[in-house]
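Report on the structure
Take a look at the letters that make up each chain.
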Amino acid sequence: AFKKAGLEPDSPLHFDRAVEIAGKAERAAFRTVRIPKTHMPVVGFFVCEHLTPQFVYRAEWAKHPNGARGIRGVTVIAEQPARWIPELQRYFGAASVQQEGDDLLVDSGTQPIRYMTRRDYAARHPGATPVRPGDHPALLSLKVDSIADCEALLKRNGRSEEHTSELQSRFG
């Protein structure tokens, strides 16, 4: 499918790594295909086939004190978001990209990817000043079990009120 879309994927890479399951050494095996950055609109992209999912998807590894449960979305700063429309449509399909003013909202099939101008990013996320010039990933939004619990953990770990107060507006 990638080749048919003109995305020129790398050859599949097969690899494994050691994991310990209930005190026993096992091998978690994977096969990945990466799309070169020359064909990807700003964010990196690869697919991964888990050949031994029983050694990868472990409930005991999916818990974190901050309550993170998954990715809610990705935000990309793009000086001219519309320039990425043709590439994004090649990846995710013609109907996957919606324009919202100068910005784009991309249905990736799992989590949304939002392409925003620097101006719109600053207005939507006051106080979160990007440090990189040009087009780049700027924000990873996470799903959490409880914003209050996550905020309390951040405070215990020395994060300022300024940072924790952003949780509700960004992730709530």
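Check the entry above for the structure.
So, here's what we can say about the structure. (Residues numbered from 1 in each chain as written. Predicted model: local features only at pLDDT ≥ 70, side-chain atom pairs only at ≥ 80, totals over all residues. Heavy atoms only, no water.)

Bringing the packing of aromatic side chains into the picture now. Under the criterion given, the structure shown has 4 aromatic pairs. Seen in terms of ring centroids, phenylalanine 15 and phenylalanine 30 are 5.1 Å apart; in terms of plane orientation they differ by 25°. Their pairing is stacked. Of this pair, phenylalanine 15 sits in strand S1 (residues 13–21) while phenylalanine 30 sits in strand S2 (residues 24–35); the two residues are 15 residues apart in sequence, bridging distant segments of the chain. Look at phenylalanine 45 and phenylalanine 92: their rings are 6.0 Å apart centre to centre, the planes differ by 90°, and that puts the pair in the edge-to-face class. Of this pair, phenylalanine 45 sits in strand S3 (residues 45–50) while phenylalanine 92 sits in helix H1 (residues 85–92); the two residues are 47 residues apart in sequence, bridging distant segments of the chain. Classification of phenylalanine 45 by relative accessible area gives partly exposed; the value is 21%. (Phe/Tyr/Trp six-rings, centres within 6.5 Å; stacked < 30°, edge-to-face > 60°. Helix = DSSP H or I, 4+ residues; strand = E, 2+ residues; numbered from the N terminus. Buried < 20%, exposed > 50% of the residue type's maximum accessible area, 1.4 Å probe, protein only.)

It is worth spelling out the sheet that holds strand S6 (residues 103–107) at this point. Taken in spatial order, the 5 strands line up as S5-S6-S7-S4-S8 in an open sheet, and their pairing is mixed. Because the sheet does not close on itself, it has two edges, and the strands there are strand S5 (97–100) and strand S8 (136–144). Direction aside, neighbouring strands of the sheet carry axes that sit 25° apart on average. Examined bridge by bridge, S5 and S6 share 4 bridges and lie antiparallel to one another. Residue pairing across strands places glutamine 99 opposite leucine 104, the latter belonging to S6. (Pairing = 2+ DSSP bridges. Axes fitted to C-alpha atoms, helices over the stretch in contact; angles between N-to-C directions.)

Further remarks concern the nonpolar core. Formed by 15 residues in total, the largest nonpolar core has its most connected members in Leu88, Phe92, Val97, Leu104, Val106, Ile113 and Tyr115. Mapped onto this core, the elements with two or more residues apiece are H1, S6 and strand S7 (112–116). The dominant element in this core, judged by the number of residues it contributes, is H1, at 4 residues. (Core = buried A, V, L, I, M, F, W, Y, C linked by side-chain atoms within 4.5 Å.)

Another point: unusual backbone geometry. Positive phi, close to 50°, is recorded for glutamate 8, a residue that is not glycine. With a relative accessible area of 52%, glutamate 8 lands in the exposed category. Its identity is not glycine, yet alanine 22 carries a phi of approximately 50°, on the positive side. Mapped onto the elements, alanine 22 comes out in the loop between S1 and S2. Given a relative accessible area of 83%, alanine 22 falls into the exposed group.

Burial in H1 covers these residues: Ile85, Glu87, Leu88, Tyr91 and Phe92. The arc enclosing the buried residues of H1, seen along the axis, measures out at 160°, which places them on a common side. (Arc of directions from axis to C-beta.)

Considering all chains together, one arrives at 12 salt bridges under this definition. In this structure, the salt-bridge partner of arginine 69 is aspartate 145, at a minimum N-O distance of 3.1 Å. On the criterion of sequence distance, the pair formed by arginine 69 in strand S4 (residues 68–77) and aspartate 145 in the loop between S8 and helix H3 (147–156) is long-range, its members being 76 residues apart. Within this structure, Asp102, Arg119 and Asp120 form a network of salt bridges that share partners. (Salt bridge = Lys/Arg side-chain N within 4 Å of Asp/Glu carboxyl O.)

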